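Each chain is listed here by its residues.
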Amino acid sequence: MLQKKNFSWLLSALLVFLIVVPVAEDFGLISTRAMRVVMFSWLLAFGVWSLRGFGKLFPIALGLAIAGIVLSILTVSTPGDSFSFSAFAAAFGFILLAVWATATQIVIGNEVSANRVVGAISLYLLLGVLWAIAYAVLELVSHGSFQGVSEPISQGWSTDWLYFSFVTMTTLGYGDITPVTATARTLAYLQAVFGQFYLAILVAGLVSAYISERTRA
């Protein structure tokens, strides 16, 4: 059985991470410098609460969340890339754990519940964030992998990576940000393919579970 409200904190943290903070920055309610700390700090601090029922995963996630928050602050306050890799690594590790925990929960059982739907939505958003971090790290390692990014990666995290990630995963493809190296293009088309398969499998799975539940009733 899925734990009740297991994914509510995670989904709330993701929605704030993806919508509220970027919009607040755009309207001047929060500075760009503060945004780079607040975004990941919020996601890590509140997202980790969703993993509290997963045994040994929780202390690992907690450690990664604390490390990610501290390293995000150091990245913003320290010039250069000395803490950027570590901050991205901590965030990537945390989200990878969240993806694993969420995926293992939503595939268990045949019931169609609100919690399972919330988990499926959270998983989709987590994968988009995971790829966004991968794109940012690639640009950090190999400058010039992408064209059209509004801010250089040397200035830290940018919402451009989230935008490009979800535009790619939904195969919308505006073309304002483009991958120009083989590695960047490979990451992009793998995400596009995965995004389409995920939605198809998710819908099929939920429909199958619903039919199975109705048949038993």
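Residues numbered from 1 in each chain as written. Predicted model: local features only at pLDDT ≥ 70, side-chain atom pairs only at ≥ 80, totals over all residues. Heavy atoms only, no water.

**Student:** Explain a nonpolar patch on the surface here, please?
**Tutor:** Residues Leu15, Ile19, Val20, Val23, Phe27 and Leu29 make up a contiguous nonpolar surface patch of roughly 620 Å² in combined accessible area. Along the polypeptide, Phe27 turns up in the loop between helix 1 (8-26) and helix 2 (32-47). A residue is classified by how much of its surface remains accessible, and Phe27, at 67% relative accessible area, is exposed. (Patch = residues over 30% accessible without salt bridge, like charges linked within 9 Å, V, L, I, M, F, W, Y side chains within 5 Å. Areas by Shrake-Rupley, 256 points an atom, 1.4 Å probe, with all protein chains shown as cover. Salt bridge = Lys/Arg side-chain N within 4 Å of Asp/Glu carboxyl O. Helix = DSSP H or I, 4+ residues; strand = E, 2+ residues; numbered from the N terminus. Buried < 20%, exposed > 50% of the residue type's maximum accessible area, 1.4 Å probe, protein only.)

**Student:** Looking at this structure, how should I read the side chain of Ser72?
**Tutor:** Tracing the sequence through the fold places Ser72 in helix 3 (residues 57-77). Ignoring any residue separated from it by four or fewer positions in sequence, one finds Ser72 in contact with Val37, Phe40 and Ala87. (Contact = heavy atoms within 4.5 Å.)

**Student:** Help me understand unusual backbone geometry in this model?
**Tutor:** Of all residues except glycine, most have a negative phi; of all peptide bonds, most are trans. Phi at Thr171 is positive, roughly 55 degrees, even though this residue is not glycine. Looking at the element boundaries, Thr171 is found in the loop between helix 6 (160-169) and strand 2 (178-179).

**Student:** Help me understand the packing of helix 5 (residues 114-141) against helix 6 in this model?
**Tutor:** To characterise two packed helices, one gives the angle between the axes of the helices and the distance between these axes. It is at 8 Å that the axes of helix 5 and helix 6 come closest, and there the two elements cross at 120 degrees. Considering the angle they form, helix 5 stands oblique to helix 6. Crossing of helix 5 over helix 6 shows right-handed handedness. Residues Tyr124, Leu125, Gly128, Val129, Trp131, Ala132, Tyr135, Ala136 and Glu139 of helix 5 form the contact with helix 6, whose own contacting residues are Trp161, Leu162, Phe164, Ser165, Phe166, Thr168 and Met169. (Axes fitted to C-alpha atoms, helices over the stretch in contact; angles between N-to-C directions. Parallel < 35°, antiparallel > 145°, perpendicular 65-115°, else oblique. Left-handed = near helix turned anticlockwise from the far one by under 90°.)

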